[in-house]
Amino acid sequence: MIFESLSEKLQNSLDKLRGKGKITEKDLDLALREVRLALLEADVNYKVVKDFISDIKARALGSEVLESLNPGQQVIKIVYDELTNLMGEKEEKLNFSSKPPTIILMCGLQGSGKTTTSGKLAFNLKKQNKRPLLVACDVYRPAAIKQLEVVGEKVGVPVFSMGTNVNPVDIAKAGIEHATKNGNDVVIIDTAGRLHIDTDLMEEIFTIKNVTNPNEILLVLDAMTGQDAVNVAETFNEKLDITGVVLTKMDGDARGGAALSLRSVTHKPIKFVGMGEKLDQLEPFYPDRMASRILGMGDVLGLIEKAQASFDEKKALELEKKMRNASFTLDDFLDQLEQMKNMGPLSEVLEMIPGIGSKQLKGLNVDEKELVKIEAIIKSMTKKERSNPDIIDSSRRQRIAKGSGTSIQDVNKLLKQFKETKKLMKKFNEFSKVPKKKGKFQ
Ligand code: GDP
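A quick note: this is a predicted structure, and the numbers were derived from the prediction, not measured.

Visitor: Would you mind going over the packing of helix H14 (residues 330–342) against helix H17 (residues 368–379) with me for this structure?
Guide: The description of two packed helices rests on the angle between their axes and on the distance between the axes. Between H14 and H17, the shortest axis-to-axis distance is 10 Å and the interhelical angle comes to 140 degrees. You can see that H14 and H17 cross each other, and the crossing is left-handed. Contacts between H14 and H17 involve Leu330, Phe333, Leu334 and Leu337 on the former and, on the latter, Leu371, Ile374, Glu375 and Ile378. Taken together, the residues of the contact of H14 with H17 break down into 7 nonpolar, no polar and 1 charged.

Visitor: How should I be thinking about the sheet that holds strand S1 (residues 102–108) in this particular structure?
Guide: Paired through their backbone hydrogen bonds, the strands of a sheet run either parallel or antiparallel. An order of S3-S2-S4-S1-S5-S6-S7-S8 is seen for the 8 strands of this open sheet, with the pairing classed as mixed. In the strand order of this sheet, the two ends are held by strand S3 (159–160) and strand S8 (282–284), each with one partner. Judged from the 3 bridges that link them, strand S6 (residues 244–248) and strand S7 (residues 270–274) form a sheet pairing that is parallel. Within S7, the residue paired with Val246 across the bridge is Phe272.

Visitor: Is there a simple way to explain the environment of Ser7 in this structure?
Guide: Turning to its location among the elements, Ser7 is positioned in helix H1 (residues 4–15). For Ser7, a count of 23 C-beta atoms within 10 Å gives the class buried.

Visitor: Looking at this structure, how should I read unusual backbone geometry?
Guide: With the exception of glycine, the majority of residues adopt a negative phi angle, and the majority of peptide bonds are in the trans configuration. For the bond from Pro100 to Pro101, the omega torsion is 5 degrees, close enough to zero to count as cis. Mapped onto the fold, Pro101 is located in the loop between helix H4 (71–87) and S1. Positive phi, close to 70 degrees, is recorded for Glu89, a residue that is not glycine. Looking at where Glu89 falls in the secondary structure, it is placed in the loop between H4 and S1. Although it is not a glycine, Asn213 adopts a positive phi angle of roughly 50 degrees. Take Asn213: it is sitting in the loop between helix H8 (199–212) and strand S5 (216–222). Take Asn213: there are 10 C-beta atoms within 10 Å of it, and that puts it in the exposed class.

Visitor: What should I look at first to understand the UniProt feature "domain: SRP54-type proteins GTP-binding" (unreviewed entry) in the chain in this one?
Guide: The UniProt record annotates "domain: SRP54-type proteins GTP-binding" (unreviewed entry) at residues 269–282. When the span residues 269–282 is considered, its composition is 0% helix and 43% strand, and the gap between its end C-alpha atoms is 16 Å.

Visitor: Hey, could you run me through the pairing of S5 in this one?
Guide: Put simply, side chains in a regular strand alternate between the two faces of the sheet. The buried fraction of S5 amounts to 7 of the 7 residues, a majority that puts the element mostly inside the structure. Two elements, S1 and S5, share 5 bridges in a ladder whose sense is parallel. Its bridge partner lying in S5, Ile104 is registered against Glu216. For S5 and S6, the ladder comprises 5 bridges, and the chain directions are parallel. In the strand pairing of S6, Leu221 is matched with Leu247. What joins S5 to S6 is helix H9 (residues 226–240), and the crossover it makes is right-handed.

Visitor: When you look at the environment of Asp43 in this model, what are you seeing that I'm missing?
Guide: Note that Asp43 resides in the loop between helix H2 (25–41) and helix H3 (46–62). The class for Asp43 is buried, based on 21 C-beta atoms found within 10 Å. In the structure, Asp43 is positioned 182 residues away from Thr225 in sequence and 9.3 Å away in space, judged by C-alpha atoms. Residue contacts for Asp43: discarding those within four places in its chain leaves Gly226, Gln227, Arg255 and Gly257.

What counts and what doesn't
Sequence order sets the numbering: in each chain, residues are counted from 1 along the sequence as written. Local features in this predicted model are restricted to residues whose pLDDT is 70 or higher, and side-chain atom pairs enter the listing and the counts only when it is 80 or higher, whereas totals over whole chains, interfaces and linings include all residues. Axis geometry follows a simple rule: fit a line to the C-alpha atoms, using only the stretch in contact for helices, then measure angles between N-to-C directions, giving values from 0 to 180 degrees. In this description a helix means any DSSP run of H or I spanning at least four residues, a strand means any run of E spanning at least two, and both kinds are numbered starting from the N terminus. Put simply, a crossing is left-handed when the front helix is turned counterclockwise from the back one by less than a right angle, and right-handed when it is turned clockwise. By the convention adopted here, residues make contact when the C-beta atoms placed from their backbones lie within 7 Å. The residue classification treats Ala, Val, Leu, Ile, Met, Phe, Trp, Tyr, Cys and Pro as nonpolar and Asp, Glu, Lys and Arg as charged. All others, Gly included, are polar. When DSSP finds two or more bridges between two strands, those strands count as paired. Residues are called buried when their C-beta atom has 20 or more other C-beta atoms within 10 Å, exposed when it has 12 or fewer, and partly exposed otherwise; all C-beta atoms are positioned from the backbone. UniProt positions are given in the numbering used here, feature names are shortened, and annotations may be inferred rather than shown by experiment. By convention, orient the strands away from the viewer: a clockwise path from the first strand over the helix to the second makes the crossover right-handed.

Right, here's the structure in full:
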């Protein structure tokens, strides 16, 4: 769950206003006091919090909000608007050069996720029919070049390297020449990171910047480091005039401080967020959708995009047909589970549905392990059993339970659920076949 604690606290304090027929200035102050505390606890920069609260208060008092018919809802809308503004209003896309190759310089501290993000970005661009080249300029950590090569191989993107005995500035220049010769239209330069900000490192990246004249200078920051990330961003921005930020590890338990403070402090946009270790887990950053998720209002557009990217359209059509004639099998069920898994952790998917905020999610008791169990049970069945579960007698049930490391009760439960779903589908189909009577409204 994204920014779980912040999200829960904000929703709790705003819930108190929701549905109230009348809100006094005192009610508003009380709620905003809680909002302020929630933001500070999430490690949002104190000045950002101060401005944020006073902007909300001014808007709430300035307009006719408190006197309106649904003042609670209006205040929530203002908080949503201001949260969106805080993170940058709209999605900021990458700048591409009109004269390829486009140069993207990646920078950041060690461990922030820079190499992984370079690979993710290359993968992302490849999906957009670009021909990226990764350039390995971290010559200080011998394993860094190898790491980039491994990442490059995984996403099917070439990696240019010259070992560790060459000056990174020369590697960057040679990398760009290589790209021009080989028709690579985007060059992603992975530079060295250090544990702390270091003047030598800064000078080196500064020189690489001057020599390569990049279209994008992306600073990779670990969202879990909160205010520290913001301080790092300020220093890098002063020296390099970065063009954007990639905030990684948003899938972890980041409190939100970095995401909510970065824009106001550096005036630079967050362009992408890292949502996991896998190379397809880089997403464009949409401030409005993020604000909506934080306030428990879901993210329908995000959900649709996720589904479109994860589900196979052909399979979906086949499944629909099978559902219509109730001929779908446990194999189809397994297939569905696998496609659903592609969408990411179940709690994250559910959270994108409007109305399912952090509070509701707790109540739903989402148990990822249940899905793993179901998968194991179906996988322990033979092909024949999957297409015709009626043949699964008690000795087969015993074997399946043993094979999947579950209990007979678990197997029974799944088979019962499956049977009931099929029955329901049959009923539904019969019902939908009944021709509609023409009423007077038709
Ligand atoms: P670098 O030193 O900055 O190049 O960092 P790496 O790319 O080696 O990443 C450091 C660690 O963070 C690795 O274990 C990555 O798998 C992990 N990592 C990177 N991005 C993400 C992310 O978005 N989510 C999670 N959970 N882990 C990430």
